[in-house]
Amino acid sequence: QVQLVESGGGSVPPGGALRLSCAASGFTFSLPFGAYVLRWYRQTPGKERDLVAGITPSGYSTYADSVKGRFTISRDNVKNTVTLQMSSLKPEDTAVYYCNAYFSSSSSWGQGIQVTVSS
């Protein structure tokens, strides 16, 4: 059973930076961490969970238009981690951020971590 644990959230002023990390475990030899598409989502109260960034097993990354040029997603297939480096943060980036690991019909989620951007 895949388990994901986010860390690194917190409160920063506008223009600040944060680095979110997601530690993953529970993978098998036949279906290792490196086979999964990894994504970061975010959600604010009363709204749907939105995709922020994703990275494929080969390292190809995609971003929501709202974060392009400010956020960078990366993965470490040895340490089984996925990271979201966030810079030039804006108040509208305030949300609970979730890590997701996806392969075929299997999708696993972390518990979420709060990011607050406020002066």
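Residues numbered from 1 in each chain as written. Predicted model: local features only at pLDDT ≥ 70, side-chain atom pairs only at ≥ 80, totals over all residues. Heavy atoms only, no water.

Concerning the overall build of the chain
Along the backbone of the chain there are zero helices and 11 strands. Along the chain, helices and strands appear, N-terminal first, in the series β-β-β-β-β-β-β-β-β-β-β. Taken against the 2.2 N^0.38 rule, which gives 14 Å for 119 residues, the C-alpha radius of gyration of the chain at 14 Å falls within 12% of a compact globule. In terms of overall dimensions, the chain has C-alpha extents of about 45 × 25 × 20 Å along its principal axes. By the burial criterion, 37% of the 119 residues in the chain qualify as buried. (Helix = DSSP H or I, 4+ residues; strand = E, 2+ residues; numbered from the N terminus. Rg over C-alpha atoms; globule rule 2.2 N^0.38 Å. Buried < 20%, exposed > 50% of the residue type's maximum accessible area, 1.4 Å probe, protein only.)

Comments concerning the sheet that holds strand β3 (residues 18-25)
If you trace the four strands from one edge of the open sheet to the other, you get β1-β3-β8-β7, paired in antiparallel fashion. Each of the sheet's edge strands pairs with one partner strand only, and the pair in question is β1 (3-7) and β7 (71-76). Neighbour-to-neighbour, the strand axes of this sheet turn through a mean angle of 15 degrees, independent of strand direction. (Pairing = 2+ DSSP bridges. Axes fitted to C-alpha atoms, helices over the stretch in contact; angles between N-to-C directions.)

Description of the nonpolar core
The biggest cluster of nonpolar side chains holds 30 residues, and the ones touching the most others in it are W40, L84, M86 and Y97. When residues of this core are traced back to their parent elements, those giving at least two are β3, β4 (37-43), β5 (50-55), β7, β8 (81-86), β9 (95-103) and β11 (113-117). With near-sequence residues (within four places) excluded, Y97 lies in contact with E6, L20, W40, Y41, R42, V52, F71, L84, M86, G112, I113 and V115. (Core = buried A, V, L, I, M, F, W, Y, C linked by side-chain atoms within 4.5 Å. Contact = heavy atoms within 4.5 Å.)

Points about the side chain of T83
Structurally, the position occupied by T83 is in strand β8. Not counting chain neighbours up to four residues away, the residues in contact with T83 comprise R19, L20, S21, W40, T72, I73 and S74.

Let's talk about the pairing of β5
Pairing between β4 and β5: five bridges, direction antiparallel. Within the sheet, the bridge partner assigned to Y41 lies in β5 and is L51. Counted between consecutive antiparallel strands, the loop separating β4 from β5 contains six residues, among which G46 sits at a positive phi close to 80 degrees. The sheet contact formed by β5 and strand β6 (residues 61-63) spans three bridges and is antiparallel. Within β6, the residue paired with I55 across the bridge is S61. Here β5 folds back onto β6, and the loop between the two strands holds five residues, one of which, G59, carries a positive phi near 95 degrees.

What to know about the environment of T81
When you line up the elements, T81 lands in strand β8. Under the relative-accessibility criterion, T81 is labelled partly exposed at 22%. Between the C-alpha atoms of T81 and L4, which are 77 residues apart in sequence, the distance is 9.1 Å.

Quick notes on the pattern of salt bridges
For the structure on display, the rule yields three salt bridges. Two residues, D93 and R42, come together in a salt bridge whose shortest N-O distance is 2.9 Å. Of this pair, D93 sits in the loop between β8 and β9 while R42 is found in strand β4, placing the two residues 51 residues apart along the sequence. Grouping residues by exposure puts D93 and R42 together as buried. Ionic pairing is found between D93 and R70, a salt bridge with its closest N-O pair at 2.7 Å. Remark: R70 occurs in the loop between β6 and β7 and D93 occurs in the loop between β8 and β9; sequence separation between them is 23 residues. (Salt bridge = Lys/Arg side-chain N within 4 Å of Asp/Glu carboxyl O.)

So yeah, pure geometry; function would need other evidence.
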